[in-house]
Amino acid sequence: MILQTEKLTYKYPNSHGHTAVDQADISLHKGETVGLFGESGSGKSTLGLILAGLIKPTSGMLRHNGEKISAPYKGAHRRGIQILFQHPEISFNPALILLKSMTEPYNIYALPYSYSSLLEYLKHYGLYEEHLYRTPAQLSGGELQRAALARILAIQPEVIVLDEPTSMLDVITQVQIMNILKDYQSKNNVSYILISHNRILCEKMCGRIYKVENGVFTEEYGRPTDK
Ligand code: ADP
Ligand code: ADP
């Protein structure tokens, strides 16, 4: 088991007692895609933020490879669990050209790269030299989301929380992103948590789905474990 939560609960400080995530018990195995499906406001993104180590749960426990972890993550937990947001610009410094942003993970994790290896790598994400000298504002939503994904995959995480990764994108770019994710998973055995309000997308991508209603996460049984 890569990730496991026990009675994970979160109340926003200003929420007047409302429980955004209510005692969630979630599990994620190596190489699987698990869906968190539910209406807007049901608590999916909040759980995603907790899993990614960006907010601390009010109560409950989280394990990564059996080890108890708490935010902010460090070391292998930090590198191993990544999040892709609906709005990719959140992940980029608006003042930096793409080239700078793309070299960040290599520098942070001391991974080898060269300008030409980076160019070669980014080709797979439909990004070329012409894109490298632009700031996030000068890139399209699709280009920026592919760049965000390329940046995450460069460090080979074990888990990626995908928070409505394609809801802002046109259909062609949606398919590109999903194909990149599927292709990467087939080669690297990475695990995904797909947060989506789109039932069809969840059924297509996920082996298991948790239905989310008013902060309560319920696993749906009886689904084929396709990939
Ligand atoms: P979903 O991702 O399913 O749309 P969220 O996790 O974003 O749902 O929201 C769950 C609940 O928490 C909602 O009632 C929402 O209004 C509330 N919420 C989300 N973000 C905040 C915040 N920063 N402060 C207070 N309440 C919040
Ligand atoms: P956007 O929607 O972000 O403006 P486009 O969908 O028009 O971008 O694609 C930009 C470029 O990326 C196009 O030349 C497209 O053909 C190219 N591209 C090629 N293969 C891929 C891929 N696997 N993923 C993403 N983009 C790709």
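Under an unreviewed UniProt entry, the protein chain has the name Peptide/nickel transport system ATP-binding protein and belongs to Sporobacter termitidis DSM 10068. In its Sequence similarities (unreviewed entry) section, the UniProt entry covering the protein chain states "Belongs to the ABC transporter superfamily."

Ranked by internal contacts, the top residues of the largest apolar core, which has 39 residues, are Tyr 121, Leu 122 and Leu 153. Mapped by element, the contributors of at least two residues to this core are helix H3 (98-108), helix H4 (115-123), helix H6 (141-153), strand S8 (159-163), helix H7 (171-188), strand S9 (191-196) and helix H8 (199-205). With 7 residues, H6 is the single largest residue contributor to this core. Non-local contacts of Tyr 121, meaning those with residues more than four positions away in its chain, are made with Tyr 106, Ala 150, Leu 153 and Ala 154. Core analysis: the second largest hydrophobic core is formed by 28 residues, Tyr 10, Leu 28, Ile 83 and Phe 217 among them.

Let's shift gears to the site of ligand 2. Within the structure, ligand 2 sits among His 124, Tyr 125, Gly 126, Ser 140, Gly 142, Glu 143, Arg 146, Asp 170, Thr 173, Gln 176 and Ile 180. Contacts to ligand 2 include Glu 143, whose backbone N or O atom sits 2.9 Å from an oxygen atom. Protein burial of ligand 2: of its 560 Å² of free accessible surface, 57% is covered by the chains. Breaking the shell around ligand 2 down by element, the ones donating at least two residues are H6 and H7. Across the shell around ligand 2, the residue classes break down as 2 nonpolar, 6 polar and 3 charged.

We now examine the side chain of Arg 208. Within the fold, Arg 208 resides in strand S10 (residues 208-213). Polar contacts involving the side chain of Arg 208 include one to the main-chain carbonyl oxygen of Ser 27, which spans 2.7 Å. Of note is the side chain of Arg 208, whose polar atom sits 2.7 Å from the side chain of Glu 32. Once you skip the residues sitting within four places of it in the chain, Arg 208 turns out to touch Ser 27, Leu 28, His 29, Glu 32, Thr 33, Val 34, Gly 35 and Glu 219.

Attention now goes to the sheet that holds S9. A sheet is described by the order of its strands in space; here 6 strands give the open sequence S7-S8-S9-S4-S10-S11, paired in mixed fashion. Edge positions in the sheet fall to strand S7 (81-84) and strand S11 (216-220), since each has one partner strand and no second. For this sheet the average axis-to-axis angle between neighbouring strands, irrespective of direction, equals 20°. Sitting on the sheet, H6 is in contact with S7 and S8, with an inclination near 175° to S7.

Reading the values: rules and limits
- Residues numbered from 1 in each chain as written.
- Chains lettered and ligands numbered in written order.
- Predicted model: local features only at pLDDT ≥ 70, side-chain atom pairs only at ≥ 80, totals over all residues.
- Heavy atoms only, no water.
- UniProt positions renumbered as here; feature names shortened; annotations may be inferred.
- Core = buried A, V, L, I, M, F, W, Y, C linked by side-chain atoms within 4.5 Å.
- Buried < 20%, exposed > 50% of the residue type's maximum accessible area, 1.4 Å probe, protein only.
- Helix = DSSP H or I, 4+ residues; strand = E, 2+ residues; numbered from the N terminus.
- Contact = heavy atoms within 4.5 Å.
- Near = heavy atom within 4 Å.
- Polar contact = N/O pair within 3.5 Å; in protein donor to acceptor, adjacent residues only side chain to side chain.
- Areas by Shrake-Rupley, 256 points an atom, 1.4 Å probe, with all protein chains shown as cover.
- Nonpolar A, V, L, I, M, F, W, Y, C, P; charged D, E, K, R; others polar.
- Pairing = 2+ DSSP bridges.
- Axes fitted to C-alpha atoms, helices over the stretch in contact; angles between N-to-C directions.

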